[in-house]
Amino acid sequence: MRKGQGRLLAIEAAALVLLLAAPRFFERGTLNDIWNVAFAVILASAWNLLGGLAGQVSIGYSAFIGIGAYTTALLSLAGWHPYATLPVSALLAAAFSFVVGLPTFRLRGPYFTIATIGVSEAVRVVASGVSFTGGSSGLRMPAGSFHFLRDYSAMVILAVSVVALAAWIQASRFGAALRAIRQDIDAAEALGVNSTKYKLLVHALSAAIVAVAGSLFAINFQYISPNSVFDFRLSLSIVLMPIVGGLGTVAGPVLGALLFGYLQIKLLSSPALRDSYLFLYGGMLILVMLFEPKGLLGLYHRLRGAVTRSGARTVPDAG
Amino acid sequence: MPAETVLEVEGLVKRYEGLLALSGVNFAVSEGEIFGVIGPNGAGKTTLFSCLVGSVRPNSGEVRFRGERIERLAGHAIVSRGLVRTHQIVRPFREMTVRENVSIGAHFGRGRRRGEEARRRIAEILERTGLSRRADALAGTLTIGELKRLEIARALATEPRVLCLDEVMGGLNPSEIVEAMGLIRSIRESGMTILMIEHHIHAVVGVSDRILVLNFGLKIAEGTPSAVVKNPNVISAYLGED
């Protein structure tokens, strides 16, 4: 294990202990906010594996949230324990990721990105239209399936695990293959990297994680509808968080999720600002693209470099 | 040469909208040979390499590597069989260090090395290609001479049986060219077969055992360097029609 990984593991363990102890010290409202931020961290970190590390931009991730949420709701209504549905959500989402990935990952160019928009919209339309999903009025989880502390703990454990997984992937051969694919897919292929296989694998992994988060969303909110889980704006925020935080890094998506989570909580509590968040997100995206393409993390490295003026070079993938 | 044939190309044709880049090229390369491919600009040399390693699908013809047809295989599958190329226009992973660049070849090439074994091989190759001192530099910061060597280092890290070098001397100064020729000879001495494209006849004549000359996608000559440079077709292709 490398030195940086050891430090990260320590931070992760401390974060997990603090988050699990939080219910002793905070009231429900604060815990709900933490839940929301943890949800955002999972989505951003999982998306970043595909979009940031491998450079395959998907704008359809709400489809996987929806698949997870609906799987859990439907199976719970059929008598399953809600948590027993999580592996099914993960598998279904992974399988579905191939529907988009198989035909498009072999092609060079924007085909994958375009397909993700179309497919996720199609999934939303189907979920709104068929009767077993409750159509546009959605589904309510069975009574007695809600247990706040349990659901809170599940969400923070998942968030910490996903960040740990991202750090592990980042340092692994798998991560190296993904970075090579992002930087020059033909050169990667010319050195033996099976680019289609690795893209499919990371897409499936990331989809499975997002679907499990979607399942936990359904369990926590107890009610889901196509407009809550298949929202295109949700797909957009998932893309923006890692970009604003720092694409292709471990800490970047977490920073982005913290910022977005915080903003969303603030904005939603203010009626005047409730509808302006997309404007705000767009503004942040433009600022990042213009001034700091490496996001908040890049800004941090730059500031730290300016302050210490040490000769130490910042490695873009560390973090 | 009694050595076994390692690579055979038969009737290779590649068409790009209206342009015949390769029109029925045939040749065979023996194990352990340095086989030069020369020709004027646009002769089809790079297209030929692209067809060999699977980055471009030929319209017709066969490529046999150690007896197996490979012209329909994906690039990574060809690398894993032991046929690899470098790029004329260097294609480093700019945001990775030199060492990480080489590690991609070591991890995913024919050797599929891991852990300590991979580290040792990477160090060896960096040493051999003179990149040890730059191992932790980002590839985006290298000079053109270093980038050319990085192309070779990454390809070597895949542990090829046949190494295709695409103008590795292009853009180098005379002393770097001498170094590069030494490197190529030392690679051959380790038992590897080498195909090399060079734009300039003289760079390739010095190291090749045999030379193939292409012009407008056609083979116009093939043979030993001394025979090829005297071939009237070759002379007229390089000096222009009289």
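Enquirer: Hey, could you run me through the overall build of chain B in this one?
Expert: Per the secondary structure count, chain B includes 9 helices and 10 strands. A globule of 242 residues ought to have a C-alpha radius of gyration of about 18 Å, and chain B, at 17 Å, matches this closely. Seen through its C-alpha atoms, chain B measures out along the principal axes to roughly 55 × 40 × 40 Å. The 242 residues of chain B split such that 47% are buried. In chain B, once contacts between residues fewer than 6 apart in sequence are set aside, the share between residues at least 24 apart is 66%.

Enquirer: When you look at unusual backbone geometry in this model, what are you seeing that I'm missing?
Expert: Trans peptide bonds make up most of the peptide bonds, and negative phi angles are found at most residues other than glycine. Residue and element names in this part refer to chain A. A positive phi is found at Q222, a non-glycine position, where the angle reads about 70°. By the element assignment, Q222 lies in the loop between α9 (195-221) and β2 (223-224). Exposure remark for Q222: the 15 C-beta atoms within 10 Å place this residue in the partly exposed category.

Enquirer: Before we go on, may I ask you to explain the pairing of strand β3 (residues 34-38) of chain B in this structure?
Expert: Consecutive side chains of a regular strand alternate in pointing toward one face of the sheet and then the other. All names here are of chain B. Among the 5 residues of β3, 5 are classified as buried, and the element is accordingly described as predominantly covered. Across the two faces of β3 the burial is the same, with I34, G36 and I38 and F35 and V37 all buried. The sheet contact formed by β3 and strand β8 (residues 193-198) spans 5 bridges and is parallel. Counterpart to V37 in the pairing with β8 is I197. Looking at chain direction, β3 and strand β9 (residues 210-215) are connected through 4 bridges and run parallel. Looking at β9, one finds that I38 is bridged to V213.

Enquirer: When you look at the nonpolar core in this model, what are you seeing that I'm missing?
Expert: Buried together is how nonpolar side chains tend to be arranged in soluble globular proteins. With 162 residues, the main nonpolar core has I42, L43, V210 and A213 of chain A as its most contacted residues. Setting aside anything within four residues of it in sequence, one finds A213 of chain A in contact with F39, I42, L43, I65, G68 and L158 of chain A.

Enquirer: Just checking my understanding: could you explain the sheet that holds strand β7 (residues 162-166) of chain B for this structure?
Expert: Strands belonging to one sheet form pairs held by backbone hydrogen bonds; the direction of such a pair is parallel or antiparallel. All names here are of chain B. Pairing in this open sheet of 6 strands is mixed, and the strands run β6-β7-β8-β3-β9-β10 from one edge to the other. One side of each edge strand has no neighbouring strand; the edge strands of this open sheet are β6 (83-85) and β10 (218-223). Averaged over neighbouring strand pairs, the angle between their axes works out to 15° when direction is ignored. The sheet contact formed by β9 and β10 spans 5 bridges and is antiparallel. Counted as the bridge partner of N215 is L218 from β10. Together, β3, β6, β7, β8 and β9 form the strand contacts of helix α1 (residues 45-52), whose direction differs from that of β7 by roughly 150°.

Enquirer: Would you mind going over the sheet that holds strand β2 (residues 19-30) of chain B with me for this structure?
Expert: Residues and elements named next belong to chain B. Read from one edge to the other, the open sheet built from 4 strands follows the order β2-β1-β4-β5, with strand pairing classed as antiparallel. A strand with exactly one partner marks an edge of an open sheet, and here the two such strands are β2 and β5 (68-69). The strands touched by α1 within the sheet are β1 (5-16), β2 and β4 (60-65), with β2 carrying the most contacts at an inclination of about 65°.

Enquirer: Where do I start with the interface of chain A and chain B in this structure?
Expert: Counting residues at the interface gives 17 residues for chain A, matched by 22 residues for chain B. Of all the secondary structure elements, the ones that give two or more residues to the side of chain A that touches chain B are α7 (173-183) and α8 (185-190) of chain A. With 6 residues, α7 of chain A is the single largest residue contributor to the side of chain A that touches chain B. Across the side of chain A that touches chain B, the residue classes break down as 9 nonpolar, 3 polar and 5 charged.

Enquirer: Please explain helix α11 (residues 232-245) of chain A as it appears in this structure.
Expert: Residues spaced three or four apart along an α-helix point in a common direction, a consequence of the helix completing one turn every 3.6 residues. All names here are of chain A. Taking 1.5 Å per residue as the helical rise, α11 with its 14 residues ought to reach 20 Å, and the 21 Å between its terminal C-alpha atoms agrees with that figure. Of all 14 residues making up α11, 10 are buried, and the element is well covered by its neighbours. When α11 is considered as a whole, its buried residues turn out to be S235, S237, I238, V239, L240, M241, P242, I243, V244 and G245. On its buried face, α11 sits against α2 (28-53), α3 (62-77), α5 (111-129), α12 (251-268), α13 (277-291) and α14 (295-308). At the C-terminal side of α11, G246 shows a positive phi close to 140°.

Parameters at a glance
- In every chain, residue numbers begin from 1 and rise along the written sequence.
- Here chains are named by letter from A upward and ligands by number from 1 upward, in the order in which they appear as written.
- Selection of residues for local features in this predicted model requires a pLDDT of at least 70, selection of side-chain atom pairs for listing and counting requires 80 or more, and totals for whole chains, interfaces and linings are taken over all residues.
- The secondary structure listing takes helices from DSSP runs of H or I that are at least 4 residues long and strands from runs of E that are at least 2 residues long, numbered from the N terminus.
- Using C-alpha atoms as the atom set, the radius of gyration is obtained and then compared with a globule rule of 2.2 Å times the number of residues to the power 0.38.
- Here a residue counts as buried when 20 or more other C-beta atoms sit within 10 Å of its C-beta, as exposed when there are 12 or fewer, and as partly exposed otherwise, the C-beta atoms being derived from the backbone.
- Each residue is represented by a C-beta atom placed from its backbone, and any two residues with such atoms within 7 Å are regarded as in contact.
- Criterion used throughout: strands pair if DSSP finds at least two bridges between them.
- As used throughout, a nonpolar core is a set of buried Ala, Val, Leu, Ile, Met, Phe, Trp, Tyr and Cys residues joined through C-beta atoms within 7 Å of each other.
- With axes taken as lines fitted to C-alpha atoms, and helix axes fitted only over the stretch in contact, angles between N-to-C directions fall between 0 and 180 degrees.
- All amino acids are sorted into three groups, where Ala, Val, Leu, Ile, Met, Phe, Trp, Tyr, Cys and Pro are nonpolar, Asp, Glu, Lys and Arg are charged, and the leftover types, Gly among them, are polar.
- Expected span of a helix: the number of residues minus one, times 1.5 Å.

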